[in-house]
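Structural characterization, general
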Amino acid sequence: PHRGTFQTAFTFTYTPTTEIKWFVDLGKYYGGVLSPEIKWRYFDLLAGRRLYADNIYIGAPRPLEDYIHLAESGANCFNLMEISNADGKGRRRDYSNEYVAMMLGKLDPMVRKLRQRGLMKFAYVYGFDELGRDYLPAMRKLYGAVKKRFPDLRTVLLVNWEPPTDIGVDIWCHLYHVYK
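What counts and how
- Residues numbered from 1 in each chain as written.
- Predicted model: local features only at pLDDT ≥ 70, side-chain atom pairs only at ≥ 80, totals over all residues.
- Heavy atoms only, no water.
- Helix = DSSP H or I, 4+ residues; strand = E, 2+ residues; numbered from the N terminus.
- Buried < 20%, exposed > 50% of the residue type's maximum accessible area, 1.4 Å probe, protein only.
- Pairing = 2+ DSSP bridges.
- Axes fitted to C-alpha atoms, helices over the stretch in contact; angles between N-to-C directions.
- Contact = heavy atoms within 4.5 Å.
- Core = buried A, V, L, I, M, F, W, Y, C linked by side-chain atoms within 4.5 Å.
- Right-handed = clockwise from strand over helix to strand, strands pointing away.

A few words now on the environment of Val159. Turning to its location among the elements, Val159 is positioned in the loop between strand 3 (154-158) and strand 4 (171-173). Of the residues examined, Val159 reaches a relative accessible area of 0% and is grouped as buried. A C-alpha to C-alpha distance of 7.2 Å links Val159 and Gly132, two positions 27 residues apart in sequence.

Turning to the sheet that holds strand 4, a few remarks are in order. Ordered in space as 1-2-3-4, the four strands form an open sheet in which the pairing is parallel. Of all the strands in the sheet, just strand 1 (78-82) and strand 4 have a single pairing partner and so form its edges. The mean angle between the axes of side-by-side strands here comes to 30 degrees, regardless of whether they run parallel or antiparallel. Pairing geometry for strand 2 (residues 123-127) and strand 3, over four bridges, is parallel. Within strand 3, the position partnered with Val125 by the bridge is Thr155. Sheet strands touched by helix 3 (residues 97-116): strand 1 and strand 2. Its angle to strand 1, the strand with the most contacts, is close to 160 degrees.

The subject of this paragraph is the nonpolar core. By size, the foremost hydrophobic cluster in this structure holds 52 residues, and its most contacted members are Leu80, Leu107 and Met139. Contributions of two or more residues to this core are made by helix 1 (36-47), helix 2 (64-72), strand 1, helix 3, strand 2, helix 4 (136-149) and strand 3. It is helix 3 that provides the largest number of residues to this core, a total of eight residues. Not counting residues within four places of it along the chain, the set of residues in contact with Leu107 comprises Pro61, Leu80, Met81, Ile83, Val125, Val146, Phe150 and Leu153.

Turning our eyes to something else, we now look at the pairing of strand 1. Burial within strand 1 is extensive, with five of its five residues counted as buried. Bridge analysis of strand 1 against strand 2 gives three bridges, and the strand direction is parallel. Residue pairing in the sheet places Glu82 in a bridge with Tyr126 of strand 2. Traced from strand 1 through helix 3 to strand 2, the parallel crossover comes out right-handed.

Geometric descriptors of this kind do not, in isolation, establish any biological role.
See below:
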């Protein structure tokens, strides 16, 4: 695989449920699910073009071997999961304590494994894709819970308004279409 490192904000999201009409699910050409060998060759193909095969919309962490391969192929970061949709029921303005415990429970084993292998510097969680200020209490609850349990796990938010600094977000991505 390509073993160089690069800094990029661009990803190619491999999501079978994407709404982009031109997107092709590679898995359907390989029996429904990509084998590790095919998947890693795909990761390498993208890395060789300065992209990485990240997915901001996954509801649970990938297999550890995927993260190891992504790091070895030059990815500068990878998502562990979308914290605002960890149960697949969509984003909402309020989350129960049971939801928070379930979401953190999904992260616990992978965070432990990544720490053991020195890969936490690449890891982040994502949530609340392009939502409004009315989601702020939910953002504060979920991002706050993540930062309390995993202070070394980066948190990413994409909104077109400036979030307050006390919600536990490390990386704020601004929507590019607002720039002229």
